[in-house]
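Structural features, examined
These are the residues of each chain, in order.
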Amino acid sequence: MLVSCCLVAGKVSSAGEPYDLTLGAAQRLDTGGLVKARVKHNGQLSLLYQQAVSGVGKLALSCTLDPLRLNKEAPSVGVALTL
């Protein structure tokens with residue numbers, strides 16, 4: 001089992017914050033799927049699941065949410081099918 005992690009830091013001026021810190025991890029599954037997770041310094045959580053579908057293409061499911069502000073901001077959910 002191999003998990004790859006990365007830490008990215010940079011300066012962001014458009015959001016009004018002096019920095020941007022992100023921690024992410026990715027895991028390739030035995031079934032050929034890919035799972036990715038990312039957490040930003042402000043608490044925003046992003047998740048991605050990607051799977052090749054036999055004879056069709058690739059299916060991707062994603063979700064971005066802020067667990068600290070669920071009552072104020074609705075999570076965004078995405079579905080993509082690549083043929």
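A short tour of the structure in this document, coming up. (Residues numbered from 1 in each chain as written. Predicted model: local features only at pLDDT ≥ 70, side-chain atom pairs only at ≥ 80, totals over all residues. Heavy atoms only, no water.)

**A word on the overall build of the protein**
Looking only at helices and strands, the protein has zero helices and six strands in total. Listed by position from the N terminus, the elements making up the protein come as β-β-β-β-β-β. Within the protein, the proportion of its 83 residues that are buried is 16%. Across the protein, contacts joining residues at least 24 apart in sequence account for 10% of those joining residues at least 6 apart. Of the roughly 6200 Å² of accessible surface on the protein, 61% is carried by carbon and sulfur atoms. (Helix = DSSP H or I, 4+ residues; strand = E, 2+ residues; numbered from the N terminus. Buried < 20%, exposed > 50% of the residue type's maximum accessible area, 1.4 Å probe, protein only. Contact = heavy atoms within 4.5 Å. Areas by Shrake-Rupley, 256 points an atom, 1.4 Å probe, with all protein chains shown as cover.)

**Brief notes about the environment of Val56**
Inspection of the secondary structure assignment puts Val56 in the loop between strand 4 (45-53) and strand 5 (57-65). Overall, the relative accessible area of 41% leaves Val56 in the partly exposed class. Sequence-wise, Val56 and Leu83 are 27 residues apart; in three dimensions their C-alpha atoms are separated by 5.9 Å. When residues no more than four places from it in sequence are discounted, the contact partners of Val56 are Leu81, Thr82 and Leu83.

**What about the pairing of strand 5?**
As paired strands, strand 4 and strand 5 are joined by nine bridges and run antiparallel to one another. For Leu48, the partnering residue across the bridge sits in strand 5 and is Ser62. Remark: three residues form the turn of the hairpin made by strand 4 and strand 5, two consecutive strands paired antiparallel; Gly55 in that turn has positive phi of roughly 75°. Pairing analysis gives seven bridges linking strand 5 to strand 6 (residues 76-82), with the strands arranged antiparallel. Bridging across to strand 6, Leu61 finds its partner in Val79. (Pairing = 2+ DSSP bridges.)

**What about the side chain of Ser46?**
Here Ser46 shows up in strand 4. A relative accessible area of 11% places Ser46 in the buried class. In this view, Ser46 contacts Lys36, Ala37, Arg38, Cys63 and Thr64; residues no more than four positions away in its chain are not counted.

**Regarding the pattern of salt bridges**
Within this structure, the stated rule accounts for one salt bridge. Here Arg69 makes a salt bridge to Glu73, at a shortest N to O gap of 3.2 Å. (Salt bridge = Lys/Arg side-chain N within 4 Å of Asp/Glu carboxyl O.)

**With respect to the environment of Pro67**
Tracing the backbone through its elements, the reader meets Pro67 in the loop between strand 5 and strand 6. Expressed as a C-alpha distance, the spacing of Pro67 and Gly43, which sit 24 residues apart in the sequence, is 7.0 Å. Residue contacts for Pro67: discarding those within four places in its chain leaves Gly43 and Leu45.

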